[in-house]
Amino acid sequence: MHHDRPPIDVVSAMPGIAWPALPSAPGAALLALLFQLEGTQWWPAERIARAQRRQLAALVEHARAEVPFYATRLPAALPDPGDAAAWEAAWRAIPVLTRDEIQAADASESMLAHRLPPGHGEYREVFTSGSTGRPVRAVRSQVWELAWSAFTMRDHLWHRRDLTGTMAVIRESGHGKAAYPDGDSQQGWGFSGAGLFESGRLVSLNVTTPADRQAEWLARQDPDYLLSHPSILVRLAAETRAAGLRLPRLRQVIAIAETLRPAARAAIEAAWGVPVIDIYSTREAGYLALQCPDHPPHVHVQSEGVRVDVEHDDGRPCAPGETGRVLVTPLHNLAMPLVRYDIGDAAEVGPPCPCGRGMPVLTRILGRRQNMLRLPGGGRRWPLLSSGDLGALVAAVPGLRQYRIVQTAIDALRLEIVAIGPLTEAEAAAAAGWARAKFGEGFAVTVQALAELPRSAAGKAEDFVCDIPDAP
Ligand SMILES: [Zn+2]
């Protein structure tokens, strides 16, 4: 297969050596991973699966020994990685890990490894709700972050991006950061390539900016690439069209964090005349699947970084054409191992890809849809909560198990909370204050304690629901 790639310059970290470059130690480790990923993508499916089983054996052994939660939950030993049938049966016998279990275990720190093997670096924590309204803490190691960087780079390489171009990003940036009209601007696309590759400008805007201002900001940046959520991209495409704004340099749009529906892809591609590239990733598990560079809209499971099981509710694996729940096992996070973790999505398994890559194919990903917040002054805003937002909510209500925010009127929000034990008046007041700080003082906030949250018509838990009729 012929790949026309823009040139990529590696930065030399060694004095007196300009070319070919000798990178720093972390840069060299990243290059070592990328070199292997170039080859492993073409391995036959069974060879990939066998190599993955070897890494899963190491992960399971570590988790059993170092993570209290797994001490009795995981088998003492898995069958030989070469015996596919026996190994797969033993693997599927491991219970599915739920968000509830992570929350309960993490409250007593029993999800965390007592220690990391030498060289895995420090513990790093983030909060995520994965749109289900059940915040969990994810703790990762620096080695896991290195693997994250390798898959970020693989996506750039697969889609032949010119790293010297300008990347515009509209996503959750934390309260008050990357604010309109300027947003943030930095040299280099971020930590993934930091120190290793020369890359261009990264400009970012807070996702809470109203759509008309996002469009105006975007036209001013004139980016080569744009990365955001599908629902934001669809509105932006309509905005730029309506306002007659042009993005003459734009080459690709990158969709993250939500399901990219075919209609959304078509609307974005029609508005800007460039391809949309889908990325399936989560904060707690990293990259799950990347879009095939040769056969869109297939996405390939990133088997060198994560095991993805798509199963029926009774535990049978889904065959091509069948849809089931997505269970993930990140291969390299030994800080807080997640083994057969149900991330709350459903996916359809695809046939082997005509491109020849051996990693499994997903043809559809379902169930990560969110509503938008309608503003009292007109317009809409993305209600997504950052890691910091979730941390603040957990601090306000320490017994929090699940939350849901319902917009009941143009100026009213109801924050529904499921907590361990009764919600105290002080906690309710702190939670209401949190919601006003997050969404604006223009909202009247009521807090309601519930034993259980209702589910949407599709049977999915949603963390934000706009319950007022659409404006004319
Ligand atoms: Zn493919």
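Notes on the structure in this doc start here.

## Section: the pattern of salt bridges
Then comes step 1: Counted by the stated rule, this structure contains 30 salt bridges.
Then comes step 2: In this structure, the salt-bridge partner of Asp389 is Lys438, at a minimum N-O distance of 2.8 Å. Of this pair, Asp389 sits in helix H9 (residues 387–396) while Lys438 sits in helix H10 (residues 425–439), and the two are 49 residues apart along the sequence. Grouping residues by exposure puts Asp389 and Lys438 together as buried.
Then comes step 3: The residue Arg404 makes a salt bridge to Glu416 at a minimum N-O spacing of 2.8 Å. With Arg404 in strand S17 (residues 400–409) and Glu416 in strand S18 (residues 412–419), this pair connects stretches of sequence that are 12 residues apart. Residue Arg404 shares its accessibility class with Glu416, and that shared class is buried.
Then comes step 4: Each of Glu46, Arg53, Glu88, Arg307, Asp309, Glu311 and Arg340 takes part in one network of salt bridges that share partners.

## Structural notes on the coordination of the zinc ion
Then comes step 1: Taken together, the protein ligands of the zinc ion are Cys292 (SG), His300 (NE2), Cys353 (SG) and Cys355 (SG), with distances of 2.1 to 2.3 Å.
Then comes step 2: Around the zinc ion sit four donor atoms, and with donor-metal-donor angles ranging over 100 to 119° the site reads as tetrahedral.
Then comes step 3: In primary sequence terms, the donor set of the zinc ion follows C-x7-H-x52-C-x1-C. Taken together, the positions of His300 in strand S10 (residues 299–301) and Cys353 in the loop between strand S13 (341–349) and strand S14 (361–366) put the pair 53 residues apart, joining distant regions of the chain. For the pair His300 and Cys353, one class covers both residues: buried.

## Quick look at the sheet that holds S17
Then comes step 1: The strand order across the open sheet formed by four strands is S19-S18-S17-S20, and the pairing between neighbours is mixed. Looking at the sheet topology across the chains shown, the edges are occupied by strand S19 (444–449) and strand S20 (464–466). Sheet twist, expressed as the mean angle between neighbouring strand axes with direction ignored, is 20°.
Then comes step 2: Alignment of S17 against S20, held across three bridges, turns out to be parallel. Pairing of Ile405 across the sheet is with Phe464, part of S20.
Then comes step 3: H10 contacts S17, S18 and S19 of the sheet and is inclined by roughly 140° relative to S19.

How each quantity is defined
Residues numbered from 1 in each chain as written. Predicted model: local features only at pLDDT ≥ 70, side-chain atom pairs only at ≥ 80, totals over all residues. Heavy atoms only, no water. Salt bridge = Lys/Arg side-chain N within 4 Å of Asp/Glu carboxyl O. Helix = DSSP H or I, 4+ residues; strand = E, 2+ residues; numbered from the N terminus. Buried < 20%, exposed > 50% of the residue type's maximum accessible area, 1.4 Å probe, protein only. Donors = N, O, S within 2.8 Å, 3.2 Å for Na, K, Ca; no water. Tetrahedral: all angles 85-135°; square planar, octahedral: opposite > 155°, others 65-115°. Pairing = 2+ DSSP bridges. Axes fitted to C-alpha atoms, helices over the stretch in contact; angles between N-to-C directions. Contact = heavy atoms within 4.5 Å.

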